[in-house]
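# Analysis of the macromolecular model
What follows is the residue order along each chain.
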Amino acid sequence: MTGITNFSTPRHFLTLQDFSAETLRGILDFSRDLKTLFAKGERPPLLQDKVLAMIFERESTRTRVSFDVGMRQLGGQTLMLTGQEMQLAREETLADTARVMSRYVDAIMIRILDNDDLLELAGASSVPVINGLTRRSHPCQVMADILTYEEHRGPIGEAKIAWVGDTNNVMASWVHASALFGNQFTIACPEEFGPDQAMLADIRKAGANVKLTEDPHEAVADADLVITDTWVSMGDTDASERRKVLKPYRVDTRLMGEAGKDALFMHCLPAHRGDEVTDEVIDGPRSVVFDEAENRLHVQKAILCWVFGIEAL
Ligand code: CP
Ligand code: NVA
């Protein structure tokens, strides 16, 4: 192991709000380079001897597998942990856990619902911490979404994007990205499941390009990209009420027909087919959901390199 990268200021990746557009652009460019190299069969061992500890307090398929495989492809290694099998389950604090883990591993990736828990861990960690989803944000997902949009359609800053359905972590990271990149981002959600005070503050801060409406038809009109997500996120307990209230926000062929004629469809997955999106849309020609899933791998390799101070080949 190479030890602690930068003791006084580890490079955390916690929320897109912490970054400038230039830094995120650098990470996206590097993602593309790594993806191209990988397609040619090249495997630069940029993270040889680095160990990433992954702590999952909640379920995951994409985040877990893509971080694990990404580290291996760059020559590093991973530890897969859950809070239940650590002393976290017996009330050891996240801060003490971070202090201990910092003596063993080179970086930590964590999925934990409470964003304050993420901040407690990162605040006490002397190695980089990466946010693998909290209830407040999902920055790695939105970086993969931007990479995907740009591969298909070009600069994100010129995109008109509609978010339709629940207001959640993925949407919040899109608000943060829109504030940086300047794309249009219109959120259509029912009042009952609209943004909470913290999200509203982020929306207000983002600028005039981020808008809020209750009308999904208004949001998708002429959109270049329509995005939705599950109506019931991890930690939500009111599934039946959500299904009832959010029903008019289902993305179906008719709603997609009101978007721009070349509009793409995205969903971070896992999808609940028949709820927030129909089979026809998610399996249709405009859907790029599996490209998004693949790009988690490529963008997270660049994020991993960035936290270790590697920004280009
Ligand atoms: N999109 C996403 O983060 O998927 P997982 O919950 O499977 O990691
Ligand atoms: N909004 C969803 C995203 C899952 C990847 C959730 O938090 O459950």
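Quick look at the structure, then. (Residues numbered from 1 in each chain as written. Chains lettered and ligands numbered in written order. Predicted model: local features only at pLDDT ≥ 70, side-chain atom pairs only at ≥ 80, totals over all residues. Heavy atoms only, no water.)

## Brief notes about helix α5 (residues 139-153)
Counting along an α-helix, one turn takes 3.6 residues, and residues three or four places apart therefore face a common direction. Under the 1.5 Å per step criterion, the end-to-end length of α5 is 21 Å for 15 residues, consistent within 8% with the ideal 21 Å. The buried fraction of α5 amounts to 12 of the 15 residues, a majority that puts the element mostly inside the structure. (Helix = DSSP H or I, 4+ residues; strand = E, 2+ residues; numbered from the N terminus. Expected span 1.5 Å × (residues − 1). Buried < 20%, exposed > 50% of the residue type's maximum accessible area, 1.4 Å probe, protein only.)

## Some points on the state of the cysteines
Taken as a whole, this structure holds 0 disulfides when the rule is applied. No disulfide involves C140; its sulfur sits 12 Å from the nearest other cysteine sulfur, which is in C268. Between C305, a free cysteine, and C140, which holds the nearest cysteine sulfur, the sulfur-to-sulfur gap is 13 Å. With relative accessibility at 0%, the residue C305 sits in the buried group. (Disulfide = S-S within 2.5 Å.)

## Concerning the site of ligand 1
In the vicinity of ligand 1, the contacting residues are S60, T61, R62, T63, R111, H138, Q141, C268, L269 and R296. One nitrogen or oxygen atom from the side chain of S60 is found 2.6 Å from an oxygen atom belonging to ligand 1. Taking H138, its side chain carries an N or O atom lying 2.8 Å from an oxygen atom of ligand 1. In the complex, the protein chains occlude 95% of the 250 Å² of accessible area that ligand 1 would expose alone. Put simply, ligand 1 lies in the largest pocket. Across the shell around ligand 1, the residue classes tally to 2 nonpolar, 5 polar and 3 charged. (Near = heavy atom within 4 Å. Polar contact = N/O pair within 3.5 Å; in protein donor to acceptor, adjacent residues only side chain to side chain. Areas by Shrake-Rupley, 256 points an atom, 1.4 Å probe, with all protein chains shown as cover. 1 Å grid on protein atoms, 1.4 Å probe; cavity = no way out; pocket = protein on both sides within 12 Å on 5 of 7 lines; lining within 4 Å. Sits in = over half its atoms within 2 Å of the grid points. Nonpolar A, V, L, I, M, F, W, Y, C, P; charged D, E, K, R; others polar.)

## Side note on the pattern of salt bridges
In total, this model carries 18 salt bridges according to the counting rule given. The shortest N-O distance in the salt bridge between R58 and E59 comes to 3.0 Å. Judged by its relative accessible area of 29%, R58 is partly exposed. The salt bridge partner of R242 is D238, with a shortest N-O separation of 2.8 Å. For D238, a relative accessible area of 30% puts it in the partly exposed group. Put simply, R135, D166, D236, D238 and R242 are held in one network by salt bridges that share partners. (Salt bridge = Lys/Arg side-chain N within 4 Å of Asp/Glu carboxyl O.)

## Topic: the sheet that holds strand β8 (residues 225-228)
Strand order in the open sheet formed by 5 strands is β7-β6-β5-β8-β9, and the pairing between neighbours is parallel. The sheet is open, and its two borders are formed by β7 (210-213) and β9 (264-267), each paired with just one other strand. For this sheet, the mean inter-axis angle between neighbouring strands, taken without regard to orientation, is 20 degrees. As paired strands, strand β5 (residues 160-164) and β8 are joined by 3 bridges and run parallel to one another. Each residue of the ladder has a partner; that of W163, found in β8, is I227. (Pairing = 2+ DSSP bridges. Axes fitted to C-alpha atoms, helices over the stretch in contact; angles between N-to-C directions.)

## Some details on the packing of helix α3 (residues 94-101) against helix α4 (residues 115-124)
At their nearest, the axes of α3 and α4 sit 8 Å apart, and the two run at 40 degrees to each other. As the angle between them shows, α3 and α4 are arranged oblique. The two elements α3 and α4 meet at a crossing, and its hand is right-handed. Of the residues in α4, those touching α3 at L94, A95, A98 and R99 are D117, E120, L121 and A124. Partitioned by chemical class, the residues of the contact of α3 with α4 number 5 nonpolar, no polar and 3 charged. (Parallel < 35°, antiparallel > 145°, perpendicular 65-115°, else oblique. Left-handed = near helix turned anticlockwise from the far one by under 90°. Contact = heavy atoms within 4.5 Å.)

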